[in-house]
Amino acid sequence: MLLDVPAASSFAVSAPDERAANDRALVLAAQRGSPDAFAALVRRHQRRAYAITRAIVLSHEDAEDALQEGFLNAHQALQRFRPEQPFGAWLHRIMTNAALDLVRRRRVRDADELSESLSYATPDPAESLELRDRLRDAVTRLPDRQRAVLVMHDVEGFTHGEIGRVLDIPEGTARSDLHHARAMLRRLLTDLRSIP
Amino acid sequence: MTHDHWTPADEELSAALRDLYAAPDDESYWSALEARITAAVAARDRESSWWSVLAEVAPQGLTAAAAVLLAATITLAYTSRVQARSASVSVLSGAAASAESVALAGSVGDGDLTLHHLLSP
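Note that the structure is a prediction, hence the values are computed from the model and not measured.

### Quick word on the overall build of chain A
For step 1, the next point in the chain: For chain A, the helix and strand inventory stands at 10 helices and 0 strands.
For step 2, the next point in the chain: Classification of the 196 residues of chain A by burial places 46% in the buried group.
For step 3, the next point in the chain: Nonlocal contacts in chain A, meaning residues at least 24 apart in sequence, comprise 65% of its contacts between residues at least 6 apart.
For step 4, the next point in the chain: Accessible surface, chain A: about 9800 Å² in total, of which carbon and sulfur atoms supply 52%.

Now the structure itself:
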């Protein structure tokens, strides 16, 4: 079966409109059953999707699992997707749901087991740095949504509007979640920050 | 972000946060992740195609099973009826035979008695 799948290299640099058009072509091809087209969609969107799942879950490994689950769900629901809609926004909602599901499943696990897995999740030579350790601990204490808003905004550079759309909350709520998350982080890290 | 009171000192925190959450920037990592995802999608596809084959075959299979069940039920019912009929026939024929023999025996007895009565003085 011959399918008109644009080459991946043609997606390297593209304006938003062109990108959307390319997404649309890939979605149509993927809906006709092209694995190459779906692979190209994965390639184009996985970094941004990872940023979303990573903001919601607590570890890099969980972010990968949520990302995979999200793409599986997207593939399964692809026939119901209307290509005239923005694919990215649709995919981000699916990723958010996949990550939230994972967080809910993880919550039933023993808290000790969870914190243990976190400490081994991303081995890094800089782990001994106190700020990093304390920050890691403090971030896990934030409510899920506040943590997601904080990471999406401060790490990934999402705007309040984008965060609102991804998490399905009003823009004002995203703004206030960010404010509360930062305030709580500051409070949790006060001792450390006061060290000269 | 003045409304958040995000001070320059907080930039250090923000940088640490970015460091903590930074996505891997190694291109081979993303290629491997893409391969993992597409392999999972293909595996799910194969799995669901099995189910779809089963789903396609299931109605025909169910119809065939229902037909076999119906045929078996009819055969069983017919066999039972035949057996019941032959049993009743054998019972009835047995009963008739014994009634006849009883009557025969009775008539012989009665005849003897009549003959005995007529011949008697």
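Once the structure has been displayed, the description carries forward.
### Some details on the confidence of the model for chain B
For step 1, the next point in the chain: Looking at chain B, pLDDT values average 77 and 69% of them are 70 or higher.
For step 2, the next point in the chain: What the predictor reports for the complex is a pTM of 0.64 with an ipTM of 0.71.

### Quick word on the interface of chain A and chain B
For step 1, the next point in the chain: Contacts between the two partners involve 39 residues from chain A, matched on the other side by 30 residues from chain B.
For step 2, the next point in the chain: Overall, the association of chain A and chain B removes approximately 3500 Å² of surface from exposure, summing both partners, and the carbon and sulfur fraction of that is 60%.
For step 3, the next point in the chain: Taken together, the links from chain A to chain B amount to 5 salt bridges.
For step 4, the next point in the chain: Ionic pairing is found between B:Arg36 and A:Asp65, a salt bridge with its closest N-O pair at 2.8 Å.
For step 5, the next point in the chain: By residue number, the principal contributor to the side of chain A that touches chain B is helix α3 (residues 60-77) of chain A, which donates 10 residues.

### Section: helix α2 (residues 35-56) of chain A
For step 1, the next point in the chain: Its maximal kink placed at A:His45, α2(A) deviates by approximately 55°.
For step 2, the next point in the chain: Counting buried positions along α2(A) gives 17 out of 22 residues, so the element sits mostly inside the fold.

Here is what the cut-offs are and how they apply
Residues numbered from 1 in each chain as written. Chains lettered and ligands numbered in written order. Predicted model: local features only at pLDDT ≥ 70, side-chain atom pairs only at ≥ 80, totals over all residues. Heavy atoms only, no water. Helix = DSSP H or I, 4+ residues; strand = E, 2+ residues; numbered from the N terminus. Buried < 20%, exposed > 50% of the residue type's maximum accessible area, 1.4 Å probe, protein only. Contact = heavy atoms within 4.5 Å. Areas by Shrake-Rupley, 256 points an atom, 1.4 Å probe, with all protein chains shown as cover. pLDDT = per-residue confidence, 0-100. Buried area = accessible area lost by both parts, 1.4 Å probe. Salt bridge = Lys/Arg side-chain N within 4 Å of Asp/Glu carboxyl O. Bend = angle between axes of the 7 residues up to and from the residue.

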